[in-house]
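Now for the letters of each chain:
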Amino acid sequence: MQLSVMSSHKQVMKLFCLCSLLILPSIQVQADSPFDVFPRAELVEETQVDNTEYRLVLSELKRKQAITSGEVERLINGDVKRQFWQLSVNHEVEQVLEHFLSQWKGAHVLYRCSGLDCGSSNFWANKIFKNAKLYGRDANQAYLVAMIPGNPNKIFVLYAVQRSKQKMYFNLDQILSSDALTDEEVERQQLMVSLQQESGWLEGLNIVDGRIDEKQSEVLLSTLKNLDASIKRRLYLIAHCYQANNMADNFACSTRIAQQLRAATYQGLEIQVFGHGALTLPPEDKLKPQLRFMLWPRQ
């Protein structure tokens, strides 16, 4: 009788150990993630490749001589972790992007598109991510590139697509690279991405001795100057200064910057620019002159 009890106990322990081994891989996937995965998403495949070339698309697509590519692309070297996920269609592709973007603190959005603005889903699936399962409806896709500056830079590339009524997939690439990503064209693209939102902060304003350094701020100024008239009519810019210990000096600084900015961006139509001192908290606690924008709703 005693032997029977001991035998049963050993069998139970073996089953417990076996179940633990089976469960362990799924727990490990969660532990390795530096952020919360999307609720109820299922990890289909994960790969890690170090010191490899990566084709990074940072703009809308163009087609020339039957070849599709990005208007702005970079070929960078880095360590790439790729995750391919499956998800039920009770969600929108934009929800996936917002879920991850909210967790990438300090990240700058280098490029973002959705729906038909992203072009061909076939291009993203087969040319960029080399995964035919990511080929879906052009109208139901979204793409995002964000970067946390550092040494090396942390780059996140996220593509989500609804493949059918029952299936949605998304691919997340996490890249560590010391290669330079930004130049004037990339900075201009970043500004245009920012201006797709209703409000926010614009990068590229450089102030020296209380005045705009037009040479260092050239990308920002030329981008604003060449905006479509329909955007200029809705656009309001607000300059903020934070350096002074009293509000009067901060107002004087921001008013001076606003006047200079209004003149520097004039081309056929004046953009409305105002100086509001330190009446709004600066982004990321950066106590230097900053430029905020608001787009009035469409009529």
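Keep in mind that what you see is a predicted model, and the values were worked out from it rather than measured.

Reading the values: rules and limits
Residues numbered from 1 in each chain as written. Predicted model: local features only at pLDDT ≥ 70, side-chain atom pairs only at ≥ 80, totals over all residues. Heavy atoms only, no water. Core = buried A, V, L, I, M, F, W, Y, C linked by side-chain atoms within 4.5 Å. Buried < 20%, exposed > 50% of the residue type's maximum accessible area, 1.4 Å probe, protein only. Contact = heavy atoms within 4.5 Å. Pairing = 2+ DSSP bridges. Helix = DSSP H or I, 4+ residues; strand = E, 2+ residues; numbered from the N terminus. Axes fitted to C-alpha atoms, helices over the stretch in contact; angles between N-to-C directions. Disulfide = S-S within 2.5 Å. pLDDT = per-residue confidence, 0-100. Patch = residues over 30% accessible without salt bridge, like charges linked within 9 Å, V, L, I, M, F, W, Y side chains within 5 Å. Areas by Shrake-Rupley, 256 points an atom, 1.4 Å probe, with all protein chains shown as cover. Salt bridge = Lys/Arg side-chain N within 4 Å of Asp/Glu carboxyl O. Lys, Arg positive; Asp, Glu negative; His and termini not counted. Charge placed at Lys NZ, Arg CZ, Asp CG, Glu CD.

## Details of the nonpolar core
Logical step 1: Grouped together as the largest cluster of nonpolar side chains are 30 residues, with contacts concentrated most on Leu56, Trp124, Phe129, Tyr143 and Val157.
Logical step 2: Tyr143 has contacts with Leu56, Val57, Leu97, Tyr111, Arg112, Cys113, Cys118, Trp124, Phe129, Val157, Leu158 and Tyr159, leaving out every residue within four places of it along the chain.
Logical step 3: Grouped together as the second largest cluster of nonpolar side chains are 24 residues, Leu195, Leu220, Leu237 and Ala258 included.

## A word on the sheet that holds strand 12 (residues 235-240)
Logical step 1: Spatially, the 4 strands line up as an open sheet ordered 9-14-12-13, and their pairing is mixed. Two strands in the sheet have a free side with no partner beyond their single neighbour: strand 9 (199-202) and strand 13 (272-275). The sheet shows a mean angle of 25° between the axes of neighbouring strands, taken without regard to direction.
Logical step 2: The sheet contact formed by strand 12 and strand 14 (residues 290-295) spans 6 bridges and is antiparallel. By the bridge assignment for strand 14, Leu235 is matched with Leu295.

## A closer look at the sheet that holds strand 8 (residues 168-177)
Logical step 1: Taken together, the 6 strands give an open sheet; going across it, the order is 1-4-8-7-6-5, and neighbouring strands pair in antiparallel fashion. Two strands bound the open sheet, and with one partner strand each, they are strand 1 (42-57) and strand 5 (108-114). Looking at each pair of strands side by side, their axes are set apart by 15° on average, direction ignored.
Logical step 2: Across 8 bridges, strand 6 (residues 141-148) lies against strand 7 (residues 153-162) in antiparallel orientation. What sits directly across from Ala146, in strand 7, is Phe156.

## Quick word on the state of the cysteines
Logical step 1: Scanning the model with the defined rule gives 2 disulfides in all.
Logical step 2: Here Cys113 pairs with Cys118 through a disulfide, and the sulfurs are 2.2 Å apart. One quick way to see it: the torsion about the S-S bond of Cys113 and Cys118 is about 115°, and its sign makes the bridge right-handed. Pair check on accessibility: Cys113 and Cys118 agree, each one buried.
Logical step 3: Along the protein, the cysteines that take part in disulfide bonds pair up as 1-2, 3-4, counted in sequence order.

## Here we look at unusual backbone geometry
Logical step 1: The step from Asn151 to Pro152 runs through a cis peptide bond, and the omega angle for that step is 10°.
Logical step 2: Inspection of the secondary structure puts Pro152 in the loop between strand 6 and strand 7.
Logical step 3: The phi dihedral of Arg40 falls on the positive side, at around 65°, and the residue is not glycine.
Logical step 4: Mapped onto the fold, Arg40 is located in the loop between helix 1 (2-32) and strand 1.

## With respect to the confidence of the model for the protein
A low pLDDT means the predicted coordinates there should not be read in detail.
Logical step 1: The pLDDT averaged across the protein works out to 85; a share of 88% of its residues lies at or above 70.
Logical step 2: Across residues 12-31 the pLDDT falls below 50, and counting only partners more than four positions away or on other chains, this stretch makes 2 contacts in the model.

## Regarding a negative patch on the surface
Logical step 1: Together, Glu60, Glu71, Asp117, Glu184, Glu185, Glu187 and Glu218 make up a region of like negative charge exposed at the surface.
Logical step 2: Ranked by the residues each element gives to the negative patch, the list is headed by helix 4 (residues 184-194), at 3 residues.
Logical step 3: Its location among the elements puts Glu60 in the loop between strand 1 and strand 2 (61-64).

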